Amino acid sequence: MKNKVILLASDQLGKGEAELGEGILETFFTILKQREELPAAVFCMNRGVFTLTEKSLVSLQLKELEEKGVDVLACKTCVDYYELNDKLTAGKISGMAQFIELASKYEVITLT
């Protein structure tokens, strides 16, 4: 996982019931954070930025990944669009230029 970047484009994993998708996404990050080899970064865009707010249980997992040295980044355009600037509890605001830089160095795994 160390040579990978996770592109998180949704606040749930898969299509279907929102509650189920949110639970599956939380499980994914709970298991991921326990691994010895972690991704280089998690870049949240579109509805993925909601995972960085206190309303999402995923934010706890992403905060722990951040504490372990993983860059957790939020798309500035998306944060502005959803008016979440003062609601982020994890991650830091970034831009698409930084994602493009990461994508040029690492394999991208997209979660939607």
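What you see is a predicted model, and the numbers here were worked out from it, not measured in a lab.

(A) Layout of the layout of surface pockets. If you add up the space inside the largest pocket, you get close to 310 Å³. Phe50, Thr53, Glu54, Lys55 and Ser56 are, among the 15 residues lining the largest pocket, the residues nearest its centre. The dominant element in the lining of the largest pocket, judged by the number of residues it contributes, is helix H1 (residues 18–33), at 4 residues. Grouping the amino acids of the lining of the largest pocket by side-chain chemistry returns 4 nonpolar, 3 polar and 8 charged.

(B) Fine view of the sheet that holds strand E3 (residues 71–75). Read from one edge to the other, the open sheet built from 5 strands follows the order E4-E3-E2-E1-E5, with strand pairing classed as parallel. The strands lining the two open edges of the sheet, one partner per strand, are strand E4 (92–94) and strand E5 (107–111). Here the strands of the sheet are splayed against their neighbours by 30 degrees on average, with no regard to which way each runs.

(C) Representation of the packing of H1 against helix H2 (residues 58–67). It is the contact of H1 with H2, at a shortest axis distance of 9 Å, that shows an interaxial angle of 20 degrees. Relative to H2, the element H1 is oriented roughly parallel. Crossing of H1 over H2 shows left-handed handedness. Contacts between H1 and H2 pair Glu22, Leu25, Glu26, Phe29, Thr30, Leu32 and Lys33 from the former with Val58, Gln61, Leu62, Glu64 and Leu65 from the latter.

(D) Focus on H2. Listed as buried for H2 are Val58, Ser59, Gln61, Leu62 and Leu65. Projected down its long axis, H2 carries its buried residues within an arc of 160 degrees, all on one side. Exposed side chains of H2 directed beyond 90 degrees from the buried face belong to Leu60 and Glu67. In this structure, the buried side of H2 is in contact with strand E1 (4–8), H1, strand E2 (41–44) and E3. Positioned one or two residues after H2, Gly69 has a phi angle of 100 degrees, which is positive.

(E) Seen up close, the packing of aromatic side chains. Applying the stated criterion to the full structure yields 4 aromatic pairs. An angle of 40 degrees between the planes, with centres 5.0 Å apart, marks the rings of Phe43 and Phe99 as tilted. Of this pair, Phe43 sits in strand E2 while Phe99 sits in helix H4 (residues 96–105), and the two are 56 residues apart along the sequence. Of the two residues, Phe43 and Phe99, both sit in the buried class. Connected via pairs of aromatic rings, a cluster forms that spans Phe50, Tyr81 and Tyr82. It is Arg47 that lies over the ring of Phe50; its NZ or CZ is 4.4 Å from the centre. One Lys or Arg, Arg47, reaches over the ring of Tyr82 and ends 5.8 Å from the middle of that ring.

Thresholds, definitions, all that
Residues numbered from 1 in each chain as written. Predicted model: local features only at pLDDT ≥ 70, side-chain atom pairs only at ≥ 80, totals over all residues. Heavy atoms only, no water. 1 Å grid on protein atoms, 1.4 Å probe; cavity = no way out; pocket = protein on both sides within 12 Å on 5 of 7 lines; lining within 4 Å. Points joined across faces, edges and corners; volume = space filled by probe spheres on them. Helix = DSSP H or I, 4+ residues; strand = E, 2+ residues; numbered from the N terminus. Nonpolar A, V, L, I, M, F, W, Y, C, P; charged D, E, K, R; others polar. Pairing = 2+ DSSP bridges. Axes fitted to C-alpha atoms, helices over the stretch in contact; angles between N-to-C directions. Parallel < 35°, antiparallel > 145°, perpendicular 65-115°, else oblique. Left-handed = near helix turned anticlockwise from the far one by under 90°. Contact = heavy atoms within 4.5 Å. Buried < 20%, exposed > 50% of the residue type's maximum accessible area, 1.4 Å probe, protein only. Arc of directions from axis to C-beta. Phe/Tyr/Trp six-rings, centres within 6.5 Å; stacked < 30°, edge-to-face > 60°. Lys NZ or Arg CZ within 6 Å of the ring centre and 35° of its normal.

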